[in-house]
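Fold and geometry: a report
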Amino acid sequence: MTTSPEPTVTAATLPGYTPGTWAIDPVHTEVAFAVRHLGVANVRGRFDEFTGEIVLAENPLESSVTATIQIASVSTGHEQRDNHIRSEEFLNAAEFPEMTFRSTEVRPADGDGFLVDGELSVHGATQPVTLDLELIGFGKGYQDRPVVGFTATTQISRKAFGVHGGPTSAMLGDAIKITLDVEAALVQ
């Protein structure tokens, strides 16, 4: 029995790949989430304030990403629910104002794409997570500034981060689906 070789990912195999430091563009990026409500529907929301940096290395598998999200910027389209999410019962934005992500490894996924392993810190707890990342591509933005686009998804357990939700917890699922649609611009 023969084994197939490990997939090879190089800058040459990624059209337009440009090593460098890229800043996440908050105007053209969305940090979204969904959680099951009453077991029958999804409640969706997003975070509107965040920063992040992507460092694309000469070897794409040596690249890294860091991001910081402001918890108080949560928006579900319902002010009362948003305030509840910010409260001590859920994310406790007063005590834990930021959520952070720091990658620890990039590896090829089966088929297309990448898996980005990292550490997510929420509500005073840090847990390992893996983002399933799709490279959308490279292009030219405003004034021909190089831009890159990615979509990344993951699923986390809110309880693993100590987010229990008090009396309303029984109405919500434990799994939080996270979707990141990211555009970044080359800064150096």
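Refer to the structure printed above.
Residues numbered from 1 in each chain as written. Predicted model: local features only at pLDDT ≥ 70, side-chain atom pairs only at ≥ 80, totals over all residues. Heavy atoms only, no water.

Right, let's talk about the packing of aromatic side chains for a bit. For the structure shown, the criterion picks out three aromatic pairs. Between the aromatic rings of Tyr 17 and Phe 138, the centroid separation amounts to 5.8 Å while the plane-to-plane angle is 75°, which identifies the pairing as edge-to-face. Pair noted here: Tyr 17 is in the segment before strand S1 (20–24) and Phe 138 is in strand S9 (residues 125–140), with a separation of 121 residues, a long-range link. For Phe 138, a relative accessible area of 22% puts it in the partly exposed group. Aromatic side chains Phe 33 and Phe 47 sit 5.6 Å apart centroid to centroid with 45° between the ring planes, which places their arrangement in the tilted category. Separated by 14 residues along the polypeptide, Phe 33 in strand S2 (residues 30–37) and Phe 47 in strand S3 (residues 41–47) bring together distant segments of the chain. Both residues of the pair, Phe 33 and Phe 47, belong to the buried class. An aromatic cluster of at least three residues, connected via ring pairs, comprises Tyr 17, Trp 22 and Phe 138. (Phe/Tyr/Trp six-rings, centres within 6.5 Å; stacked < 30°, edge-to-face > 60°. Helix = DSSP H or I, 4+ residues; strand = E, 2+ residues; numbered from the N terminus. Buried < 20%, exposed > 50% of the residue type's maximum accessible area, 1.4 Å probe, protein only.)

Okay, the environment of Asp 181 next. Residue position: Asp 181 is located in strand S11 (residues 172–186). Between the alpha carbons of Asp 181 and Glu 30 there is a distance of 5.2 Å; along the sequence they are 151 residues apart. There is a polar contact of 2.9 Å between the side chain of Asp 181 and the side chain of Thr 151. (Polar contact = N/O pair within 3.5 Å; in protein donor to acceptor, adjacent residues only side chain to side chain.)

Looking now at the side chain of Ser 73. Its place among the elements puts Ser 73 in the loop between strand S5 (64–70) and strand S6 (74–75). Its relative accessible area of 7% is what places Ser 73 among the buried residues. A polar side-chain atom of Ser 73 sits 3.1 Å from the main-chain amide nitrogen of Asp 48. Within the local environment of Ser 73, its side chain forms a polar contact with the backbone oxygen of Gln 70, the two atoms lying 2.7 Å apart.

Positive phi, normally seen in glycine, also occurs at His 123, with a value near 55°. Residue placement: His 123 occurs in the loop between strand S8 (114–122) and S9. The phi dihedral of Gln 143 falls on the positive side, at around 55°, and the residue is not glycine. Here Gln 143 lies in the loop between S9 and strand S10 (146–157).

Within the structure shown, the criterion is met by three salt bridges. Arg 46 is paired through a salt bridge with Asp 48; the nearest N and O atoms lie 2.6 Å apart. (Salt bridge = Lys/Arg side-chain N within 4 Å of Asp/Glu carboxyl O.)

Let us look at the environment of Lys 177. Structurally, Lys 177 can be placed in strand S11. Taking the C-alpha atoms as reference points, Lys 177 and Val 27, separated by 150 residues in sequence, lie 22 Å from one another. Ignoring anything within four residues of it in the chain, the contact list for Lys 177 reads Ala 32, Phe 33, Ala 34, Thr 154 and Gln 155. (Contact = heavy atoms within 4.5 Å.)

Counting 44 residues, the largest nonpolar core has Phe 47, Ile 54 and Leu 120 as the members making the most contacts within it. When residues in this core are grouped by element, the largest group, six residues, is from S11. Beyond its immediate chain neighbours, meaning those up to four positions away, Leu 120 contacts Met 99, Thr 100, Phe 101, Ala 125, Thr 126, Gln 127, Val 129, Ile 156 and Phe 161. (Core = buried A, V, L, I, M, F, W, Y, C linked by side-chain atoms within 4.5 Å.)

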